[in-house]
Amino acid sequence: MATCPYFDHAKKFCDVGEDYISPYDVVAMSQFCSSRYQKCDKFQELTKRHPEVLEQLDSIEISKQSTPSTPLVSPRHHANRSPIQIKFNNKWPLSYRLKYVMSNYQSNETSTEEKTTMQPQKIKNRGLQVVLAGLGINLALGILYTWSIFKGAIVDSIAAGGEGAFAWDAASVNDPYAVACLAFAAAMILAGKCQDKFGPKVTCAIGGLLVGTGFVWISQTTDYLAWVVGFGLLAGTGIGFGYSATTPPALKWFSPAKTGLIAGIVVSGFGLASVYIAPLAKYMLASFGLQQSMMYFGIAFAIVVSGLGMLISNPPEGYVADPAAKQTAAKAVAVKVPDLKPSQLFTNGKFYTLWLCFFVGSGAGLMVIGSAKGLASASMGEMAFLVVSIMAIGNAAGRLVAGVVSDKIGRATTLCIMLVFQACMMFAALPILGGETSNPILVVLLVTAIVFNYGTNLALFPSFTKDLWGMKNFGMNYGILFSAWGVGAFVLVRVSEMLKVKTGSMDSSFILAGVLLLVGAMMSMSLRPQKAAAPATEPVIAEEEDLVLQKAQD
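One structure accompanies this document, and this report is about it. (Residues numbered from 1 in each chain as written. Predicted model: local features only at pLDDT ≥ 70, side-chain atom pairs only at ≥ 80, totals over all residues. Heavy atoms only, no water.)

Here the focus is the overall build of the protein. What the protein contains, in helices and strands, is 23 helices and 0 strands. Taken across its 554 residues, the protein has 47% of its residues classed as buried. In the protein, the proportion of contacts linking residues at least 24 apart, taken out of those at least 6 apart, comes to 83%. Carbon and sulfur atoms make up 64% of the accessible area of the protein, which totals about 27100 Å². (Helix = DSSP H or I, 4+ residues; strand = E, 2+ residues; numbered from the N terminus. Buried < 20%, exposed > 50% of the residue type's maximum accessible area, 1.4 Å probe, protein only. Contact = heavy atoms within 4.5 Å. Areas by Shrake-Rupley, 256 points an atom, 1.4 Å probe, with all protein chains shown as cover.)

Take a nonpolar patch on the surface next. Among the surface-exposed residues, V420, F427, I511, V515, L518, V519 and M522 lie close enough to one another that they form a single nonpolar patch of about 560 Å² accessible area. If one sorts the elements of the nonpolar patch by residue count, helix α22 (residues 507-524) sits on top with 5 residues. (Patch = residues over 30% accessible without salt bridge, like charges linked within 9 Å, V, L, I, M, F, W, Y side chains within 5 Å. Salt bridge = Lys/Arg side-chain N within 4 Å of Asp/Glu carboxyl O.)

It is worth spelling out the packing of helix α13 (residues 274-288) against helix α14 (residues 290-309) at this point. Each packed pair of helices is defined by two parameters, the angle between the axes and the distance between the axes. Interaxial distance between α13 and α14 falls to 8 Å at its minimum, and their mutual angle equals 135°. When the interaxial angle is binned, α13 and α14 end up oblique. In the packing of α13 onto α14, the handedness of the crossing is right-handed. Contacts between α13 and α14 involve Y276, I277, L280, A281, M284, L285 and F288 on the former and, on the latter, L290, Q292, S293, Y296, F297 and F301. (Axes fitted to C-alpha atoms, helices over the stretch in contact; angles between N-to-C directions. Parallel < 35°, antiparallel > 145°, perpendicular 65-115°, else oblique. Left-handed = near helix turned anticlockwise from the far one by under 90°.)

Counted by the stated rule, this structure contains 26 aromatic pairs. Arranged with centres 5.5 Å apart and planes meeting at 75°, the rings of F166 and W227 form a pair that is edge-to-face. Within this pair, whereas F166 is found in the loop between α7 (147-160) and α8 (175-198), its partner W227 is found in helix α10 (residues 224-244), the two being separated by 61 residues in sequence. According to the relative accessible area criterion, F166 is buried, its value standing at 5%. Plain terms: the ring middles of F358 and F482 are 5.8 Å apart, the flat faces sit at 75° to each other, and that makes the pair edge-to-face. Pair noted here: F358 is in helix α16 (residues 349-369) and F482 is in helix α21 (residues 474-503), with a separation of 124 residues, a long-range link. Taking the relative accessible area as the measure of exposure, F358 reaches 0% and is therefore buried. Judged by relative accessible area, which is 0%, F482 ranks as buried. (Phe/Tyr/Trp six-rings, centres within 6.5 Å; stacked < 30°, edge-to-face > 60°.)

A few words now on helix α20 (residues 440-469). Look at α20: 44 Å from first C-alpha to last across 30 residues, which is about the 44 Å you get at 1.5 Å a residue. Counting buried residues along α20, 23 of its 30 residues qualify, which places the element largely inside the surrounding structure. Among the residues trailing α20, G470 stands out with phi positive, at a value near 80°. (Expected span 1.5 Å × (residues − 1).)

Close contact between helix α12 (residues 259-272) and α20 brings their axes to 9 Å; oriented N to C, the two are set at 135°. Taken as axis vectors, α12 and α20 run oblique relative to one another. Pair α12 / α20 crosses with right-handed handedness. Note on element contacts: α20 touches α12 through L458, A459, S463 and K466, opposite T259, G260, A263, G264 and V267. The class makeup of the residues in the contact of α12 with α20 is 4 nonpolar, 4 polar and 1 charged. (Nonpolar A, V, L, I, M, F, W, Y, C, P; charged D, E, K, R; others polar.)

Our next topic: α10. The end-to-end C-alpha distance of α10 is 28 Å, a good match for the 30 Å that 21 residues give at a rise of 1.5 Å each. Along α10, the largest kink reaches about 25° and is centred on A235. α10 sits mainly inside the fold: 16 of its 21 residues count as buried. N-cap assignment for α10: the residue whose side-chain oxygen lies 3.2 Å from the backbone N of L225 is D223. (Bend = angle between axes of the 7 residues up to and from the residue. Polar contact = N/O pair within 3.5 Å; in protein donor to acceptor, adjacent residues only side chain to side chain.)

This next bit is on the side chain of K466. Turning to its location among the elements, K466 is positioned in helix α20. Here K466 sits buried without a salt bridge, and the closest side chain of opposite charge, D467, lies 6.3 Å off (N-O distance). For K466, the side chain forms a polar contact with the side chain of T259, separated by 3.1 Å. (Lys, Arg positive; Asp, Glu negative; His and termini not counted.)

Relative to the helices and strands, G514 resides in helix α22. G514 has contacts with A423, M426 and F427, leaving out every residue within four places of it along the chain.

Turning our eyes to something else, we now look at the environment of G238. Here G238 shows up in helix α10. By relative accessible area, G238 is classed as buried at 0%. In this structure, the C-alpha to C-alpha distance between G238 and A187, residues 51 residues apart in sequence, is 7.8 Å.

Take the pattern of salt bridges next. This model, assessed by the stated rule, comprises 3 salt bridges. Residues D175 and R494 are paired through a salt bridge, measuring 2.8 Å at the closest nitrogen-oxygen approach. Residue D175 is located in helix α8, and its partner R494 is located in helix α21; the two are separated by 319 residues in the primary sequence. Look at R494 and you get partly exposed, because its relative accessible area is 29%. Linking R411 and D407 is a salt bridge whose minimum nitrogen-to-oxygen distance equals 2.8 Å. Given a relative accessible area of 10%, R411 falls into the buried group. The structure contains a network of salt bridges with shared partners spanning D407, R411 and D467.

As structure tokens, this is what we get:
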């Protein structure tokens, strides 16, 4: 049984079946439990060790029926019982606890309705707390999307030269960012396993410490390899651990009907972070320099991520997000979502389709995000950093809109629309950004639209994971699928930078991304759920006697 009918607690609070409980103790407990011990599976475990208990209880029941006034347990039995060894979760003797529970039984029984009424409100508040804490963590970890501002400072340092300047190859400036994206995705697999096994608090703490360590390290050096390891490997891995601990717990607190919405709210913080980090970074770079700013960011985000992580938790075992919705769904004909193990994903055809779509959608968006400031600098000059803040609004909006829309029209349809729209934006970038002079308004709108479409990926694919493969192994399953995000970022960002150095423009990169997005849109059509087979249309011939019987029953 999941819950004891008397103690109103989970099994782990019940002493029945434990080694330190003697047959006498079970007889006594059965009296207080209104003799419902026969329905207790833990009691059955004890009777395997003490078969004489059943005989004793049967004799007591017979005695009770013949002489109602006869007590179930006599003092003689009390004297002969074995001593009870109390474990760590039992702070008082069994007899005292039974008396305590007995004295409170009436009050507990009368407050059942009140507890039932109050529980949904407490659960709702707890779920909201987890969502807001996850949002706050992602608002800190979203510093990854402000790389283009740090990249600009590195490029300026390379051009200026001199002692203490960055001495990197021009084609390698984006490498720390690309490695961070790859490490972010790779860490999601390990972090997903950690989240499933140890919980989100531990996972968040690890993420915060890794991000802080990486930023503090790069604040002390301009070495290329140190930045690749510090920003790329350590900070990227820390971001993966922190990010993986936010969405899965939040989704578990709410019903499937709100999957897209909740995922969109939580991950929107990651995209929205640039709204405040971009101007803050611009100010800090001017006031303290790049390296000192990295130290301040590292210390602050380590504290924020680890602290907010203490507010995130998974719901208790057996928790049902919306009991009313569950009862309604039980009446409808629905296909149960299987809880697939991570190893089973590789035998699932939809996994490969989703992986490729995620690869294309994320890579194309990150290609623009990593160079956003550079794309706008020709038309906006010193104010180009504002594009990073403006596109953050589009990034967050894409996650929220996609979450809500996909709940209404379906994940696959939303994904297809997003990929086609993103391809159109890539081709539109050729005339808008290809000329010598670009209209600043069109540049801002273009970049915002591209990042809006990119943001939809981060709301759609966790929802796909939950819908197709269940919540039991959600953390690791989504981590494996999220590897497409890292590989897409590493490959397309690197290829884009190489094509830019070779051709002197981003045109080739936009064309390549546009074609890949159209291919992904066609692949996404296969993700649509199959329609249920139409029922047989052949008439059913009923005997006259059956019709008469049916009418009589009606």
